[in-house]
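Letter by letter, the chains look like this.
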Amino acid sequence: MNLPVVSPYVGLGLYSEDKGVAYSGGVQVDASDNLFVGAGYNSVRVVNGQVGLRF
């Protein structure tokens, strides 16, 4: 039985002058070999979701 791999992440981003520096964090889960889904928080954009492909 293969369990999904859960990867936490944290980061900093620089937005335009009116937004300044933002921080973010969340988790990504491997849905298959090339597909991942995730959810996180960004101090400028608030809650976000992710769907991605690995090549």
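Located above this text is the structure these notes cover.
**As for the overall build of the protein**
No. 1: The helix and strand tally for the protein stands at 0 helices and 4 strands.
No. 2: Its helices and strands taken in sequence order, the protein reads β-β-β-β from the N to the C terminus.
No. 3: Whereas a compact globule of 55 residues would reach a radius of gyration of roughly 10 Å, the protein reaches 14 Å, over 25% beyond that.
No. 4: Structurally, the protein occupies a C-alpha span of about 50 × 20 × 15 Å along its principal axes.
No. 5: Sorting the 55 residues of the protein into buried and exposed places 11% on the buried side.
No. 6: Surface exposure of the protein reaches about 4,400 Å², of which carbon and sulfur atoms provide 61%.

**Overview of the environment of Val46**
No. 1: Mapped onto the elements of the fold, Val46 is located in strand E4 (residues 46-53).
No. 2: Along the primary structure Val46 and Asp18 are separated by 28 residues, whereas in three dimensions their C-alpha atoms are 16 Å apart.
No. 3: In this structure, Val46 is in contact with Gly40 and Tyr41, ignoring residues within four places of it in sequence.

**Focus: unusual backbone geometry**
No. 1: Located in the positive-phi region is Val46, a residue other than glycine, with phi close to 65°.
No. 2: With a relative accessible area of 43%, Val46 lands in the partly exposed category.

Each value, and the rule that gives it
- Residues numbered from 1 in each chain as written.
- Predicted model: local features only at pLDDT ≥ 70, side-chain atom pairs only at ≥ 80, totals over all residues.
- Heavy atoms only, no water.
- Helix = DSSP H or I, 4+ residues; strand = E, 2+ residues; numbered from the N terminus.
- Rg over C-alpha atoms; globule rule 2.2 N^0.38 Å.
- Buried < 20%, exposed > 50% of the residue type's maximum accessible area, 1.4 Å probe, protein only.
- Areas by Shrake-Rupley, 256 points an atom, 1.4 Å probe, with all protein chains shown as cover.
- Contact = heavy atoms within 4.5 Å.

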